[in-house]
Amino acid sequence: MGTYRMCGCFTRKFKIIEAAPPPDVIAAFEKYAEGGPQMTAELLHRFLVDVQGQGGAKVSDAEEILLQVLQKRHHMAKFRKHALTLDDFHHYLFSSDLNPPIDNKVHHDMTAPLSHYFIYTGHNSYLTGNQLSSDCSDVPIIKALKRGVRVVELDLWPNSTKDDVDVLHGRTLTAPVELIKCLKSIKEHAFSASEYPVVITLEDHLTPKLQAKVAQMVTQTFGKMLFRPESECLKEFPAPEDLKYRILISTKPPKEYLEAQTKKDKEKEKDSDDDVWGKEPTELTAEQEDEKTDSDASDNNQDDEDSDAFEPEIDSSRAPGYKSHIAIPGGKITGRLKEALKVEPDKVRRISLSEQALEKATVSYGTDLVRFTQKNFLRIYPKGTRFNSSNYKPQIGWMHGAQMIAFNMQGYGRSLWLMQGMFRANGGCGYVKKPDFLMNVGANGERAKLPVKKRLRVKVYMGDGWHLDFKHTHFDTYSPPDFYTKVGIAGVPDDEIMKKTKIKEDNWTPVWDEEFTFPLTVPELALLRVEVHEYDMSEKDDFAGQTCLPVSELKQGIRAVPLFDHKGEKLNSTRLLMRFDFV
């Protein structure tokens with residue numbers, strides 16, 4: 001029961017009533033219970049195969065589901081008939097643990113070279129907040145690793161006494177953290193969420209003496225976990241399957257540190273994400289085109305790791321131990337980007353582009369980008385003016401095969417929701433196998449008008465759990481919330497769209513029962529976007545939960561879809577009941 005104060009002296013009471021099963025659930029129960037009042041394990045098995053598309057399901061799987069539901073809902077389950085009532089059946093369908101929308105196991109082929117995968121990648125992984133004045137710490141690194149992030153970025157600088165190494169965002173007011181602390185935390189938490197390899201990308205601003213110290217730290221900290229290539233130049237990257245529980249270092253060959261201050265462009269424009277949740281992905285491209293970038297990639301000096309304006313080459317033999325630790329060498333972009341994207345038969349490497357340089361490059365060099373990323377790594381990093389740790393649209397990089405779309409994991413907003421959604425695929429292991437069309441030798445990077453390959457039909461039945469996760473006055477002081485759901489697709493431009501349900505007034509358990517169909521030209525890169533908002537007539541609508549799910553991984557049938565908060569943390573109870581079919 002929720003009590004709401006009206007006009008200072010009157011109160012209104014609203015009883016929170018559990019919503020009845022929607023018509024489709026009732027119809028399914030009646031059909032598969034064969035008109036009876038209960039559904040046995042054998043009958044539930046038929047439903048799993050016919051409606052839920054679980055062709056490999058066994059009767060024993062249905063028995064396990066049935067047992068878990070009865071034990072949870074009925075204290076005397078062992079004395080009851082071993083079957084489900086309609087309410088039991090509805091409870092099962094609405095359980096995100098028993099009936100999730102995607103699998104939670106690794107199921108992609110993990111035996112291809114590393115370059116054949118999109119990899120969950122962090123940017124400035126050590127920052128606790130904004131890019132200019134937040135603290136540096138190992139805490140956000142640990143948090144990222146626990147979420148399945150597989151690429152951690154560390155900026156290395158001499159400490160104040162020049163005898164040790166700190167991690168900090170150079171030329172800002174960020175407070176440093178010791179490198180050794182970060183390395184020890186990486187070792188402890190690297191494989192808490194995934195057994196597949198962790199890559200540490202280093203932005204190195206060190207003297208040869210300190211580089212040697214880093215090599216010693218890395219060796220002593222990681223020991224046999226560290227992957228050291230047998231030859232100076234790998235012809236092909238190893239496979240994730242062969243690198244389980246291993247740490248890889250990625251950086252450029254040693255450079256000599258210069259103490260002189262570098263000349264860097266200090267852009268002073270306001271950060272682009274004014275909306276607290278970030279702009280809609282379809283709005284992000286136009287803003288990126290306003291940047292002063294050149295397809296020659298000469299603007300890469302914004303990212304220290306790929307800036308050579310202030311660090312001349314030195315004899316790498318001055319830090320041989322350091323160089324031997326580099327498993328994924330960073331390449332130097334000199335001259336035109338087209339030259340840098342040439343695939344070398346006897347060597348693999350990584351190059352980095354800013355988000356603006358990538359967008360410019362796709363116009364002229366789309367095919368070259370795709371061909372380069374079939375064998376080599378392409379890392380994309382945020383523009384320098386994202387001071388509040390906002391992010392950009394990842395689809396542009398994925399469409400062209402870029403494996404490392406470096407994101408500010410300490411940020412928030414719709415772009416980060418998309419990244420989190422992509423890497424819910426493949427059991428959340430941090431590695432997602434690239435679609436076949438990006439791995440074909442003749443793959444074309446330019447996205448011409450493509451035919452519709454699939455149609456995804458989505459039905460939004462109902463939602464529940466907000467009254468358990470939020471205070472009863474969280475959304476509205478005077479009455480229960482007025483929820484509506486937005487559902488749509490993020491992907492290639494032709495597939496992107498958002499639609500929304502009607503508003504259900506004064507209801508903690510809204511029932512919408514609305515259906516939408518989405519034509520998809522590139523379903524392999526499509527993400528299903530779901531957001532729930534609470535309508536507010538006088539102010540901005542309140543945020544009430546979100547999720548993004550890879551379309552290629554969606555299980556068909558009636559599914560319980562858990563929702564997440566604006567930071568990507570799963571809400572304890574809030575979820576939607578939805579149906580997915582490909583037609």
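In short, a report on the structure. (Residues numbered from 1 in each chain as written. Predicted model: local features only at pLDDT ≥ 70, side-chain atom pairs only at ≥ 80, totals over all residues. Heavy atoms only, no water.)

### Considerations on unusual backbone geometry
Backbone geometry at N124 places phi at a positive 45°, although glycine is not the residue there. A positive phi angle is found at S389, which is not glycine, with a value near 65°. Tracing the backbone shows S389 in the loop between β11 (377-381) and α12 (395-399). (Helix = DSSP H or I, 4+ residues; strand = E, 2+ residues; numbered from the N terminus.)

### A word on the nonpolar core
Core analysis: the largest hydrophobic core is formed by 43 residues, its most contacted members being L337, W398 and M419. For this core, the secondary-structure elements that each account for two or more residues are α10 (337-340), β10 (350-354), α11 (355-373), β11, α12, α13 (414-422) and β19 (542-550). Examining the composition of this core, we find that 7 residues originate from one element, α11, more than from any other. Summarising the domain contributions, this core has at least three residues from each of domain 2 (114-253 + 320-438) and domain 3 (450-582). Once residues lying within four places of it in the same chain are set aside, the contact partners of W398 are F118, I405, L418, M419, M422, F423, L438, L525 and L527. (Core = buried A, V, L, I, M, F, W, Y, C linked by side-chain atoms within 4.5 Å. Buried < 20%, exposed > 50% of the residue type's maximum accessible area, 1.4 Å probe, protein only. Domains from an automatic or database assignment. Contact = heavy atoms within 4.5 Å.)

### Digging into the pairing of strand β16 (residues 497-500)
Relative to β16, strand β15 (residues 483-490) runs antiparallel, the two sharing 4 bridges. Considered in β16, the bridge of K486 is made with K500. Here β15 hands over to β16 after 6 residues, the two strands then running antiparallel side by side. (Pairing = 2+ DSSP bridges.)

### So, the sheet that holds strand β5 (residues 165-167)
Strands pair in a sheet through their backbones, by hydrogen bonds, and they do so in one of two ways: parallel or antiparallel. If you walk across this open sheet you meet the 6 strands as β6-β5-β4-β7-β8-β9, and the pairing is mixed. Strand pairing shows two members of the sheet lacking a second neighbour, β6 (177-178) and β9 (326-329), which therefore form its edges. In the sheet, strand β7 (residues 198-204) pairs with strand β8 (residues 247-251) via 4 bridges, with the strands oriented parallel. Looking across to β8, one finds that I200 is bridged to I249.

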